[in-house]
Amino acid sequence: MKLAATLMIQGTSSHVGKSVLVTGLCRVFARRGLKVAPFKGQNMAPNSYITADGGELGGAQAIQAEAAMTEPLVEMNPILLKPVTDTIAEVIVMGRSQGKLAAKEYQEFKGEMGLSVVKEALKRLREQFDLVIIEGAGSPAEVNLRAEDIVNMTVAHIADAPVLLVGDIDPGGVFAYIVGTLELLTPEERARIKGLIINKFRGNIELLKPGLKELEEITGVPVMGVVPYLSLDIPEEDTVPWSPAASGDVEIGIMYLPHISNFTDFHPLRRIPGVSLRYIRPGQPFGRLDALMVPGSKNIAADLCSLQDSKDAIKNLGVPVVGIGEGYAMLAREILVGGQKIPGLGLIDGSVELFPLLPRRAAARIVADKEWLADLAGLDIEGYQVQGVRGNREPFCLIGEEADGVAAPGVWGTSLHGLFDNDQVALAFINYLRRRKGLDPASLTIQEDPYEALADALEKALDMEAISRLVGGGN
Amino acid sequence: MAKYLMLQGVASNVGKSVLAAGLCRLFHQEGCKVAPFKAWNMALNSYMTPTGEIGRSQGIQAEAAGILPTADMNPLLIKPRGEGESQVVVQGRVQEDLRLGGPLSETAMPIVQASLERLSKEYDLIIMEGAGSPVEINLRHRDVANMGVALLVKAPVLLVADIDRGGALAALVGTMRLFRPEEQALVGGFILNKFRGDAGILKPALRILEERGGRPVLGVVPYRHDLLIDDEDSLGLERTSGGPSSIKIGVFCLPYMSNYTDFVPLSREEGVAVHYIERKEDLSDFDALIIPDTENLTESLQFLAAQDYPRQLASLIKGGTPVIGIGRGLIILGQDYLGLMPIKTESHPPRQAGTVQAQVAAEEGWLGRAFGRRVKGYLGSGAKTSGAAPAFTINGDPEGVQFGSVLGTSLHGLFEDGRLRRAFINYLREGKNLPPLTGPILEGGQLRQEAYDLLAEELRRSLNIPAILDLVERSGRG
């Protein structure tokens, strides 16, 4: 069987923008008629996506699949680590949770079977697709960690992939990072690096050009693109996009919990004109807000603890509050979790119980009918659950037969993630906030497909001819 | 002849400023006369010195070094104003007309050199800090901040990388590779900053780094949440919103101004900008005004009168803008001079040396919000007052006056008290319909002093101090 061609993107350090480049390249090649799949062997990220058959993979790979115009598969991210504390993570292998492992336990697991999991997943993808675009993690030149690598050069070798090395010019030192990375690689590894990409460039390209020429001379590797600092509406892999007090008609604050997870729940609200989202760290002033969102959490006890000093401020905000997933549970007076009782924020009476369930996509029907939900009662919506929450008398919706969530005056919650992906729900909520302020209702903007814009920008910034040659089986 | 030691980073935000502050404190503890220096600083946050404005981090470093900062410690301060525009502060003074484009060294280098020379005459050791990466090969000809200044005095350089971001080894090796020979010769060692995890795992990497980078690793500094050593611009002690300031407090830049630390703590509050008022400014831009203490009453009065500030002040006070006079600033406000308060003042030497405890007696204005609070401070040369309600009592005796929106006092260090400071700022915010600040209140000086000590202690543990001392001894010799 003919296996798919491969292309790998590695970075000189974390946060150089690899995942967005992979997303864009997925679309570039997909719209040229190739069947493209993204791949990242191991991903550490708080956001996940649930596939149709209940498998869980990194949110970034799901987004990349969407850009590639294909269904997300657990093979695209066979190992997902969702951080719980500094040293513990929930480990998801081929879509299924293996429980919470300490760093050391995970190292053992990884040593035993990490590589074979990655190999097998990659093989399956290569059998089904024309091109697999692989994303590395961190830096490939951590020479002390070479032996345990299952994400960078080890994968490049297995996949026989040409590698593009990406440096981020924004914080400075990009030339040194690139030159030093190449110096620390072994000759075989170095031979895999076929091109360099300078990412997040702003300023005058003419000032940069002499530097690029010198870089090519020193490294002997061609620069295959300078990508400008793009501000597209595409979520970053694992960082919370930090929006400095932008101002809109409607300002929505999202509690930036220390163990925040699935925070992308609220991002669809940005599609409505006049909405600005702002992350608020515990202890930070809230500023002017029209609504407060409490997102999911990987560690509800620790996160509630960090909100201790903000409790009164949250109660006295006087604006609508919406909690999703664990964020919904936090709204209660008391939360039962694993036989323990934790005091919550107390915005709704009574206690709720967290219980584990298999992550699943879920269809729900809205049953609450007060305030902004008046016109939505009876509406069928979709989303997914990663954690069960039960215990309220005034439910928000029905998931199957089961009542879920809460609808109290000014406070709403549900365990259904992806709530605001439902356009009608997002629009009704924002227009409720607008009415409260005496503003005219807004409408959804039919946005251009953001992946098209990204792909266009990359086609302009990258030497696509050279990159296509690499993919065309040049090796 | 002063000695030098310079910290350069492989990129921005590797934590140089904090390390420099820690080294300042460490050498200060050793009895050395040490001063910080950063030729070129691009920062939103500034710090007020008696000779003008510098980058916040140099102000903090000077505090750590136990000295008064001066404008020479950061002769070029670039304050971005957004979208390509910035304000240039040269040796403490705003230069509206200075263009720093083109061949930088022509305009900037002589300024940097002059400041560094002055510092070198006064101090035994200058801890210098670079900016960004020293090997932006496309901008080499414009480098003032890094090797440009290191080569001036042949300062030994420690190259710092942030290991938290990944790629630190590569960045150090690559930076070394891109230096010119004479630049490379100045580098004495590497420091890996913000390390978390198991030092055992790192060991083999350090060996390879020394081999490939050609310099010893002179320290691995842990990531310490308790020291909050994660924030280049603010040192973690002073969180700032980084955004535009919502509260502007103006301080008259009086000739021979003294006790400028009185109002420095104000900028510790989020969203507060403390601005030096020089000539021909529109006072209505400010949410509150401070007339500081001065060593020269006559010249100060002349300065104010020449700018027509007394007339502006009078109308602002009528409108309710809070005005604070401290020390001789209080005398200036009184009937004998500007007549902005209906009080008689009578100069007299300090009544009591050392720290005193005062209790807020004012019942109105912003100070009234802290009625009854006991605050610590010290009394400078001040004034006996009569004719208005006392602002404070000290051992039952009245101190200072509170009249409408005007406060006058001889008590220095008032705003070191976190709650009093917060009450003042929240009063100003309320006046602008801004929500009150609710974040943690940082208690002033003592907390910072303790943090500097902790930082120095950490550096003693994690750096190879004897090797660094050897490097320092080599300064000037390249």
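The rules behind the values
- Residues numbered from 1 in each chain as written.
- Chains lettered and ligands numbered in written order.
- Predicted model: local features only at pLDDT ≥ 70, side-chain atom pairs only at ≥ 80, totals over all residues.
- Helix = DSSP H or I, 4+ residues; strand = E, 2+ residues; numbered from the N terminus.
- Buried ≥ 20, exposed ≤ 12 C-beta atoms within 10 Å, placed from the backbone.
- Contact = placed C-beta atoms within 7 Å.
- Rg over C-alpha atoms; globule rule 2.2 N^0.38 Å.
- Pairing = 2+ DSSP bridges.
- Axes fitted to C-alpha atoms, helices over the stretch in contact; angles between N-to-C directions.
- Nonpolar A, V, L, I, M, F, W, Y, C, P; charged D, E, K, R; others polar.
- Domains from an automatic or database assignment.
- Expected span 1.5 Å × (residues − 1).
- Parallel < 35°, antiparallel > 145°, perpendicular 65-115°, else oblique.

Novice: Explain the overall build of chain B here, please?
Specialist: Within chain B, the secondary structure is distributed over 14 helices and 26 strands. Going through the 478 residues of chain B one by one, you find that 51% of them count as buried. Sequence-distant contacts, at least 24 apart, represent 74% of the contacts inside chain B between residues at least 6 apart.

Novice: Teacher, can you tell me more about the overall build of chain A here?
Specialist: On a plain count of helices and strands, chain A comes out with 13 helices and 28 strands. Rg of the C-alpha trace for chain A: 23 Å, near the compact-globule value of 23 Å for 475 residues, within the 12% margin. In chain A, which comprises 475 residues, the proportion classed as buried is 51%. Counting contacts in chain A only where the partners sit at least 6 residues apart, residues at least 24 apart contribute 72% of the total.

Novice: What's the story with the sheet that holds strand β6 (residues 79-83) of chain A in this structure? I'm lost.
Specialist: Think of a sheet as strands paired side by side through backbone hydrogen bonds, with each pair either parallel or antiparallel. All names here are of chain A. Strand order in the open sheet made by the four strands is β3-β6-β7-β8, with mixed pairing throughout. Looking at strand neighbours, the two that pair on one side only are β3 (42-44) and β8 (96-102), the edges of this open sheet. The sheet shows a mean angle of 20° between the axes of neighbouring strands, taken without regard to direction. Sitting on the sheet, helix α3 (residues 103-128) is in contact with β6, β7 (88-93) and β8, with an inclination near 140° to β8.

Novice: Where do I start with the sheet that holds strand β10 (residues 157-162) of chain B in this structure?
Specialist: All names here are of chain B. What the six strands build is an open sheet, ordered β2-β9-β1-β10-β11-β12; its pairing is parallel. Edge positions in the sheet fall to β2 (34-37) and β12 (217-222), since each has one partner strand and no second. Neighbouring strand axes in the sheet, compared pairwise and without regard to direction, differ in orientation by 20° on average. Pairing of β2 with strand β9 (residues 125-129) involves four bridges; the strand directions are parallel. If you follow A35 over to β9, its bridge partner there is I126. Helix α7 (residues 199-213) rests against β11 (187-195) and β12 of the sheet, and its axis sits at about 145° to β12.

Novice: What am I meant to see in the interface of chain A and chain B here?
Specialist: A common way to express how large an interface is: the accessible area buried when the components associate. Contacts between the two partners involve 36 residues from chain A, matched on the other side by 36 residues from chain B. Residue assignment for the side of chain A that touches chain B shows that the elements contributing at least two residues are α5 (174-184) and α7 (205-219) of chain A. Per-element tally for the side of chain A that touches chain B: the top contributor is α5(A), with nine residues. Residue composition of the side of chain A that touches chain B, by class: 17 nonpolar, 15 polar and four charged.

Novice: Any chance you could explain the pairing of β8(A) here in plain terms?
Specialist: If a strand is regular, its side chains alternate between the two faces of the sheet. Residue and element names in this part refer to chain A. In terms of strand pairing, β7 meets β8 through five bridges, oriented antiparallel. Its bridge partner being in β8, I88 is matched across the sheet by A102. Counted between consecutive antiparallel strands, the loop separating β7 from β8 contains two residues, among which M94 sits at a positive phi close to 45°.

Novice: What is the right way to look at the domain arrangement of chain A in this model?
Specialist: According to the domain assignment, chain A consists of domain 1 (5-233 + 452-471) and domain 2 (250-436). In terms of residue class, the side of domain 1 of chain A that touches domain 2 of chain A is made up of five nonpolar, four polar and three charged.

Novice: Which parts of the structure should I look at to understand helix α1 (residues 18-30) of chain A?
Specialist: Along an α-helix, residues three or four positions apart point the same way, because every turn accommodates 3.6 residues. Between its first and last C-alpha, α1(A) extends 18 Å over 13 residues, near the 18 Å set by a 1.5 Å rise per residue. The element α1(A) is extensively covered by neighbouring structure, given that 13 of its 13 residues are classed as buried.

Novice: So what exactly am I meant to see when it comes to helix α2 (residues 59-67) of chain A here?
Specialist: Residue and element names in this part refer to chain A. Buried residues dominate α2, accounting for eight of its nine residues. For α2, the set of buried residues is G59, A60, Q61, A62, I63, Q64, A65 and A67. Once α2 finishes, M69 follows within two positions and takes phi at roughly 60°, a positive value.

Novice: What am I meant to see in the packing of α5(A) against α7(A) here?
Specialist: A pair of packed helices can be characterised by two numbers: the angle between their axes and the separation between those axes. Residues and elements named next belong to chain A. Viewed as axis vectors pointing N to C, α5 and α7 meet at an angle of 10°, and their least axial separation amounts to 11 Å. Here α7 runs roughly parallel to α5, going by the angle between their axes. Along its contact with α5, which presents F175, I178, V179 and L182, the element α7 presents G211, L215, I218 and T219. Here the contact of α5 with α7 is built from residues that sort into six nonpolar, two polar and no charged.

Novice: Even after reading the chapter, I still don't get the environment of B:D453, so can you show me in this structure?
Specialist: Residue and element names in this part refer to chain B. Along the chain, D453 turns up in helix α13 (residues 445-462). By C-beta crowding, D453 is classed as partly exposed, having 15 other C-beta atoms within 10 Å. Distance from D453 to R25, taken between C-alpha atoms, is 6.9 Å for residues 428 residues apart in sequence.

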